[in-house]
Protein chains: 2
Amino acid sequence: MDTYDVIIIGGGASALSAGLYSARYNMATLIIMEELGGETATAATIENYPGYKSIDGYDLITRMHEQVGALGVKMVTARAESVSRENHCFTVTAGGEEHRGKSLILAVGRERRKLGIPREDELRGRGVSYCATCDGPLFGEGIVGMVGGGDSAVKGAILLSQYVSEVFVIYRGEQLSSEPINLERLSRIPKVKILYKTQVKELLGDNELKGVVLDNPYNGNDRLELDGLFVEIGADPRDELARSLGVELDERNYIIVDNMMRTNVDGVFASGDVTNASGDLKQVITSAAQGVLAATSAYKDVIEHGHFCETHARGFVLPQV
Amino acid sequence: MDTYDVIIIGGGASALSAGLYSARYNMATLIIMEELGGETATAATIENYPGYKSIDGYDLITRMHEQVGALGVKMVTARAESVSRENHCFTVTAGGEEHRGKSLILAVGRERRKLGIPREDELRGRGVSYCATCDGPLFGEGIVGMVGGGDSAVKGAILLSQYVSEVFVIYRGEQLSSEPINLERLSRIPKVKILYKTQVKELLGDNELKGVVLDNPYNGNDRLELDGLFVEIGADPRDELARSLGVELDERNYIIVDNMMRTNVDGVFASGDVTNASGDLKQVITSAAQGVLAATSAYKDVIEHGHFCETHARGFVLPQV
């Protein structure tokens, strides 16, 4: 088994940016991704990545992917199931195979939250979706709902309004919380209606979604006919791998990193949405920069401590740390 | 006099990225720049900005500039000479005019270091240059020197080798310190010679540079004939404005910021090369992300405290903080 200088887990902007710099530091680099893209790929039109006035999220991530690929970085498409650490050596199991690295960058992002109501999984892909960019065009002239009140929900509703005949934003709160430029845009679209203080209680329809039951009636009716329902109610950090390594998390389960993306565990770095690096601001540009910082810290670490892993690989027993 | 929500001082990637997000937060935004570009503009070919496999530095900064301009951000080209703070109001004097803002982002970067030897200023632009990207093509088939041993010097020498017949890297140290990918590239260029443990003592030539005197002879001769001499020996943060506001600096005079680019002074934020945000790693991508974070912090601050400045503007006397 080869020993990589750094193993990066993740397939989004942060992982790829970490890969870009790792390769430029001449480190033997492996990226393990469940799928290419991360949040960037689902972000529809991106207008706030400095240097691109307007670019499709999937297009941007594809460019990053090509940029890293051109440097000869090895990439494996598989879910990283587990990771273990022995002194300064990490073993990552992904798709049934083991990979060994001298350092580790966790750039695994977040998992989208679900509504947590009956039949949600059953109707996923049959009217229920978690990605407006991906599935919006499927609903033709239909009527769709968007559950949520944050930036992703607002941007998603704006996007959906370009495809469908009517969009209901269904939000339990009293005030949307989004970038002002997006709130203003949303308010100018007549086909968007916002239902405040409202939650979806039930999903209607047999093989495909036909509508929802609301906990707060709209126009005197608690049933709302819909062809599609999009869910953008936040996300939770994918913290399993970090936990198994003893990496410290904050009260919301984000990996705690310092300004150079170091965690409390030697040889383990983290970047992007899974971390607390930039608080609630999770952007493509911040994730990319954090990936670059994580790679830089990993590089310094491997120069300093990487030989422990080499020794280990040759069969020596290292003293326990 | 109008009161801006935020005044950004600087003309590089960090200032423009701060402007981009400030505008998207619907803040009345003014950017005061001595000139457009910052370090990015002088960086020759950039291959490590995620999303662009290869782009000329000036081209990248031009795109950022257009992106911000399209959002209606006001930009003034002038040197910001002084700044004062009264409660939560800032007055910036630039080019003889006063501008008022509710918050301030310092993204003023660093000043290139000079050799500090006689006639350096006199021969600047007559053979002595601080920007290989800008002036490299002027030296045709000539012989040039590059003083320095860091990443900028190494990248500069690689670039110069594409134009000229011979490049001498003149470095006082014993080992170049640069991104490994660049060191490797440099080592493969036969027309580049590296003179270690060597410094330039004197500049030769009357109206234009003809050569230099070295403190450590090369091939038995302490005189080296050169058509051009490039200087890449580091840079110092532009700390004057920060100092005048009582902003805390580290031991190397970089502005101390937290992970959201807040300084110790209310309403004052900083980003990019002038800060300690990412340690010694000063990259386009990290500067851009820091600008975004500074704008986000300024936005929160203006929502919370900006009204103090409004009140002040209407002539009320505010209690001293």
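Worth saying up front: this structure is predicted, and the values here are computed from it rather than measured. (Residues numbered from 1 in each chain as written. Chains lettered and ligands numbered in written order. Predicted model: local features only at pLDDT ≥ 70, side-chain atom pairs only at ≥ 80, totals over all residues. Heavy atoms only, no water.)

## Section: the overall build of chain A
- Assigned secondary structure in chain A consists of eight helices and 21 strands.
- For chain A, whose C-alpha radius of gyration is 22 Å, the value lies close to the compact-globule estimate of 20 Å for 321 residues.
- Counted over contacts in chain A with a minimum sequence separation of 6, partners at least 24 positions apart contribute 60%.
- For chain A, the exposed area adds up to about 13,900 Å²; of that, 45% sits on carbon and sulfur atoms.
- Each charge class in chain A was averaged separately, 32 positive and 45 negative side chains, and the resulting centres sit 2 Å apart. (Helix = DSSP H or I, 4+ residues; strand = E, 2+ residues; numbered from the N terminus. Rg over C-alpha atoms; globule rule 2.2 N^0.38 Å. Contact = heavy atoms within 4.5 Å. Areas by Shrake-Rupley, 256 points an atom, 1.4 Å probe, with all protein chains shown as cover. Lys, Arg positive; Asp, Glu negative; His and termini not counted. Charge placed at Lys NZ, Arg CZ, Asp CG, Glu CD.)

## Overview of the packing of aromatic side chains
- A complete count under the given rule lists 12 aromatic pairs over all chains for this structure.
- A centroid spacing of 5.8 Å and a plane angle of 50° characterise the contact between Tyr49(A) and Tyr49(B), whose relative ring orientation is tilted. Pair noted here: Tyr49(A) is in the loop between strand E4 (45-46) and strand E5 (55-56) and Tyr49(B) is in the loop between strand E4 (45-46) and strand E5 (55-56), and the two residues belong to different chains.
- Seen from their ring centres, Tyr25(B) and Tyr299(B) are 4.5 Å apart, and the 0° between their planes marks the pair as stacked. (Phe/Tyr/Trp six-rings, centres within 6.5 Å; stacked < 30°, edge-to-face > 60°.)

## Describing the environment of Gly140(A)
Residue and element names in this part refer to chain A.
- The topology assignment puts glycine 140 in the loop between helix H4 (132-135) and strand E13 (143-147).
- In sequence terms glycine 140 and aspartate 227 are 87 residues apart; their C-alpha atoms lie 9.6 Å from each other.
- With sequence-adjacent residues up to four places away left out, glycine 140 is seen in contact with Tyr163 and Val164.

## Structural notes on the side chain of Thr198(A)
- You can see Thr198(A) is positioned in the loop between strand E15 (192-195) and strand E16 (200-204).
- Of note is the side chain of Thr198(A), whose polar atom sits 2.7 Å from the backbone oxygen of Tyr196(A). (Polar contact = N/O pair within 3.5 Å; in protein donor to acceptor, adjacent residues only side chain to side chain.)

## Observations concerning the pattern of salt bridges
Residue and element names in this part refer to chain B.
- According to the stated counting rule, one finds 36 salt bridges over all chains in the structure shown.
- With a shortest N-O distance of 3.1 Å, arginine 185 and glutamate 47 are connected by a salt bridge. Taken as a pair, arginine 185 in helix H6 (residues 180-187) and glutamate 47 in the loop between E4 and E5 lie far apart in primary sequence, 138 residues in all.
- A relative accessible area of 25% places glutamate 47 in the partly exposed class. (Salt bridge = Lys/Arg side-chain N within 4 Å of Asp/Glu carboxyl O. Buried < 20%, exposed > 50% of the residue type's maximum accessible area, 1.4 Å probe, protein only.)

## Topic: the nonpolar core
- Membership of the largest hydrophobic core comes to 132 residues, with the highest contact counts inside it found for Tyr49(A) and Tyr49(B).
- Among all residues touching Tyr49(B), those that are not within four sequence positions of it are Tyr49(A), Pro50(A), Gln67(A), Ile285(A), Leu60(B), Met64(B), Val284(B), Ile285(B) and Ala288(B). (Core = buried A, V, L, I, M, F, W, Y, C linked by side-chain atoms within 4.5 Å.)

## A closer look at the relation of the copies chain A and chain B
- By a simple turn and slide, chain A fits onto chain B: the slide is 0.0 Å along the axis, the RMSD is 0.1 Å, and the turn is 180°. Here the symmetry operator amounts to a two-fold rotation axis.
- The residues that chain A uses at the interface reappear at the interface of chain B in 100% of cases, marking a shared surface. (Least-squares fit on C-alpha atoms with pLDDT ≥ 70 in both.)

## Some points on the environment of Leu71(B)
- Assignment of secondary structure puts Leu71(B) in the loop between helix H3 (57-69) and strand E6 (74-77).
- Each C-alpha atom, one on Leu71(B) and one on Lys300(B), is 20 Å from the other, the two residues being 229 residues apart in sequence.
- In this structure, Leu71(B) is in contact with Ile181(A), Leu20(B), Ala23(B) and Arg24(B), ignoring residues within four places of it in sequence.

All quantities given are derived from atomic positions and should not be read as evidence of function.
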